[in-house]
Amino acid sequence: MPSRTSFPFPGLVLLTLALAAPLTAGRLGAGPIPLMEPAGMELLVASGERADYGPLAEQFLTQANLAYCGVASAAMVLNSLAVPAPAVPGYGRYRFWTQENVFEVPAGRAVVSAEVVRRQGMTLAELAALLASHGVAAEAIHGDQLSLEQFRALLRANLSQPGDRLLANYLRPALGQAGGGHIAPLAAFHAPSDRVLILDVARYRYPSVWVPVADLWKAIRTIDSTSGRSRGLVTIRTAPGATPPPESFPPPGPS
């Protein structure tokens, strides 16, 4: 009987063979690609701009209610950038941002209340202001202010650097999904296929997906009925010399 050659790591062989063929837009088709599917993982491994993926994935949150996509995204960003945080009941000396305490410090409450957000979500401007109230540099960029080329360049620049983050406010139907406006972090860019990775905080509804850059660009240019302006992006980075809110400093004494 002829002998068979066995491979100790067949999955590794398959991944190697898959990565040997470039992941182009033509190979992948037009729709969103879930991150946890083989093609989605291949895109992550092959992406040149994925500096934000690890820190954000480590701090991943599911939004606490149907309107808290912006709140969950903001808490992920603040934690991933190690922004000093308030105390959390029940966690002793450990401090981190939650979907509750982003509103509990006075600076956060002055921007928008948790009650309002639970009722109607957040606009792009409110999201940027909430983040800025916690001592980071946050800039709202409306989608109608960006050409497709400018949008692509911003993705490449931001997602290749570990010290900044990028949140997208977009309309789900423009990506072929059900629902309305949504906010989520962007985590990686794959240039050969021209796709960007969205870490969807509504993971009870949709997985994290790779979407064509042109589709997301169209989705952030849609009009938010609350603000009357286009949706868009928020860029976030730690501000040199900025002083976090006093409530976020650890108390004196041993920790």
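Owing to the predicted nature of the structure, the values given are computational and were not obtained by experimental measurement. (Residues numbered from 1 in each chain as written. Predicted model: local features only at pLDDT ≥ 70, side-chain atom pairs only at ≥ 80, totals over all residues. Heavy atoms only, no water.)

1. Let's talk about the packing of aromatic side chains
Link 1 in the chain: Summed over all chains, the structure comprises two aromatic pairs.
Link 2 in the chain: Ring centres of Tyr68 and Phe103 lie 6.0 Å apart, and the angle between their planes is 45 degrees; this geometry places the pair in the tilted category. A residue pair is termed long-range when its members are at least 10 positions apart, and Tyr68 in the loop between α4 (53-58) and α5 (69-80) and Phe103 in helix α6 (residues 101-104) qualify at 35 residues. Accessibility classification places Tyr68 together with Phe103 in one group, the buried group. (Phe/Tyr/Trp six-rings, centres within 6.5 Å; stacked < 30°, edge-to-face > 60°. Helix = DSSP H or I, 4+ residues; strand = E, 2+ residues; numbered from the N terminus. Buried < 20%, exposed > 50% of the residue type's maximum accessible area, 1.4 Å probe, protein only.)

2. Notes on the confidence of the model for the chain
Link 1 in the chain: Per-chain confidence: the chain averages 87 in pLDDT, with 83% of residues scoring 70 or above.
Link 2 in the chain: Predicted confidence is poor over residues 251-255, with pLDDT under 50, and the contacts of this stretch with residues over four places away or in other chains come to two contacts. (pLDDT = per-residue confidence, 0-100. Contact = heavy atoms within 4.5 Å.)

3. Re the nonpolar core
Link 1 in the chain: Phe103, Leu127, Leu131, Leu197, Trp210, Val234 and Ile236 are the most contacted members of the largest nonpolar core, which has 41 residues in total.
Link 2 in the chain: Residue assignment for this core shows that the elements contributing at least two residues are α3 (38-46), α5, α6, α8 (114-120), α9 (124-132), β4 (181-190) and β7 (232-238).
Link 3 in the chain: Residue contributions to this core peak at eight residues, all from α5.
Link 4 in the chain: When neighbours within four sequence positions are excluded, Leu131 is seen to be in contact with Ala74, Val77, Leu78, Val136, Ala138, Leu167, Val234 and Ile236.
Link 5 in the chain: Membership of the second largest hydrophobic core comes to 24 residues, among which are Leu146, Leu154, Leu155 and Leu175. (Core = buried A, V, L, I, M, F, W, Y, C linked by side-chain atoms within 4.5 Å.)

4. Examining the layout of surface pockets
Link 1 in the chain: Quantified by volume, the largest pocket comes out at close to 400 Å³.
Link 2 in the chain: Forming the boundary of the largest pocket are 24 residues, of which Leu66, Cys69, Gly180, Gly181 and His182 lie nearest the centre.
Link 3 in the chain: Every element with two or more residues in the lining of the largest pocket is listed here: α5 and β4.
Link 4 in the chain: Taken together, the residues that form the lining of the largest pocket break down as seven nonpolar, 12 polar and five charged.
Link 5 in the chain: A volume near 160 Å³ is recorded for the second largest pocket.
Link 6 in the chain: Tallied by class, the residues present in the lining of the second largest pocket amount to seven nonpolar, one polar and one charged. (1 Å grid on protein atoms, 1.4 Å probe; cavity = no way out; pocket = protein on both sides within 12 Å on 5 of 7 lines; lining within 4 Å. Points joined across faces, edges and corners; volume = space filled by probe spheres on them. Nonpolar A, V, L, I, M, F, W, Y, C, P; charged D, E, K, R; others polar.)

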